[in-house]
Amino acid sequence: VVVNFYPFEKVIAKKSATHEEIVENIDIGGPSMMRAASKNYRSVCPLPSKKFYQKLIQQLDEFGGTTLEFRRQCAAETFAMTSEYERIIYGYWSNLLEKPHKELPDKLEISVSKHADVRYGENPHQQAAVYLTPFSGFQINQFCQLHGKALSYNNYLDFSAAVALILEFRKSTIAILKHTNPCGVAQNRDLVKAFEMALACDSVSAFGGIVSCNRQITSELATKLKTMFLECIVAPSFTDEALEILSKKKNLRLIEYPQKSVKIPDFEIRSIVGGLLVQQSDGVSSEELNFVTEATPTDDEQQALQFAWKIVKHVKSNAIVYARENQLLGVGAGQMSRIDSARFAAEKAKLAKVDLTGAVMASDAFFPFRDGIDAAHQHGITAVIQPGGSIRDQEVIDAANEHGMKMVFTGKRHFKH
């Protein structure tokens, strides 16, 4: 039994497809016949895909028919194929339903198809591959690699983090990331200037990093980017001149992302020993500011605080960042104590010869003690943004008032483990 199903997956991928056209491409009889053939595998041979055609020919040539074991294998593959077909239909249909944004499913159906093998995992002794997630309106294969070596496991992690960060901003922005942590972010209409400002934050860590941009890569910017060693550049598009310039570096990966359709997935899934963790994604930041100190941030400081808050969410906890209105100045990532993150961010800024006087500070979680505020004051920080929620919030607020600093609470934490 050989059946070609209606091309439901291809139809839903068409931007012009109407709901009526999509529904008409839900195959009913085909899956039913294939399942029936599989159920009766002892006397019927279902062929679930073209890759079994040659195997069938070999069976006929060698045995004059098909073996029971071959039919059993075909039956098993057929049930997997029909299950995947139904899952794709369910994925489309579930996106049409109105449901609470935070709702987690009682039963999680995970059926994913391999998109590509990668050379190895995080380390050479680990095998790895990238799979396409269930239909959600956007797939990883919509990213287009224009040039360079094949993406590695770490490259996928890095450029995913780079795109998630750059989606936070609407103004012309360039970000530099290393090991999924931002080590430079800046905004400027002049992209070359934006890159120079981003690089000034931590040019040492930027070596071998990934650059993401939310504007087209121009020849002027490409000329600048070509001067340093980068693993990957991610942008909505590249001019022909920029491609010609950057393609001279044979190993540099150039990736276009579909700016209008790319989206943060609704849920995140991580494996743990013996199970899976599923959570709602920490989407684009939009918290309102709650002013808690005697002094109120100026308009410029408020813009700087919002800028820093969008970045700190993408830094591994414990996370501290220092910034101005349109430039990241220092990053403290992944430290075991928040005060160490604050000190480390200041040390990185000092090494980069960045003046923190008049800058702002963002913390992904509350300050458990006033020491982080005292340290920030010593470095010239004038305003702080943090979630609040500590039993010592008043002590922290008092410290800010003592130093004449401004502080705002967001009421929302952004841990990133």
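Please refer to the structure placed before this passage.
This text gives an overview of the structure that appears in the document.

1. Digging into the pairing of strand 13 (residues 327-332)
For strand 13, the buried fraction is high: six of the six residues fall into the buried class. As paired elements, strand 12 (residues 320-324) and strand 13 share five bridges and run antiparallel to each other. Bridge assignment links Ile320 to a residue of strand 13, and that residue is Gly332.

2. Examining the packing of aromatic side chains
What the rule picks out here adds up to eight aromatic pairs. Ring plane angle 45 degrees and centroid distance 5.6 Å describe the contact between Tyr156 and Phe159, whose orientation is recorded as tilted. With Tyr156 and Phe159 both in helix 6 (residues 153-166) and three residues apart, the pair spans about one turn of that helix. With respect to class, Tyr156 is no different from Phe159; both count as buried. Aromatic pair Phe207 and Phe229: ring centres 5.1 Å apart, planes at 50 degrees, arrangement tilted. With Phe207 in the loop between helix 8 (203-206) and strand 6 (209-213) and Phe229 in the loop between helix 9 (219-225) and strand 7 (230-235), this pair connects stretches of sequence that are 22 residues apart. Under the relative-accessibility criterion, Phe207 is labelled exposed at 53%. Ring pairing ties together the aromatic residues Phe8, Tyr92 and Trp93, which thus form one cluster.

3. Focus on the environment of Gln303
Looking at where Gln303 falls in the secondary structure, it is placed in helix 11 (residues 299-312). Under the relative-accessibility criterion, Gln303 is labelled partly exposed at 37%. Sequence-wise, Gln303 and Arg324 are 21 residues apart; in three dimensions their C-alpha atoms are separated by 8.4 Å.

4. Description of helix 6
Along its 14 residues, helix 6 runs 20 Å from first to last C-alpha, staying within 8% of the 20 Å computed at 1.5 Å per residue. For helix 6, the tally of buried residues reaches ten of 14 residues, placing the bulk of the element in the interior.

5. Things to note about the side chain of Ser38
Here Ser38 lies in helix 3 (residues 29-39). Of the residues examined, Ser38 reaches a relative accessible area of 1% and is grouped as buried. There is a polar contact of 2.9 Å between the side chain of Ser38 and the backbone oxygen of Met34.

Calculation notes
Residues numbered from 1 in each chain as written. Predicted model: local features only at pLDDT ≥ 70, side-chain atom pairs only at ≥ 80, totals over all residues. Heavy atoms only, no water. Buried < 20%, exposed > 50% of the residue type's maximum accessible area, 1.4 Å probe, protein only. Helix = DSSP H or I, 4+ residues; strand = E, 2+ residues; numbered from the N terminus. Pairing = 2+ DSSP bridges. Phe/Tyr/Trp six-rings, centres within 6.5 Å; stacked < 30°, edge-to-face > 60°. Expected span 1.5 Å × (residues − 1). Polar contact = N/O pair within 3.5 Å; in protein donor to acceptor, adjacent residues only side chain to side chain.

As far as function goes, none of this settles anything; it's purely spatial.
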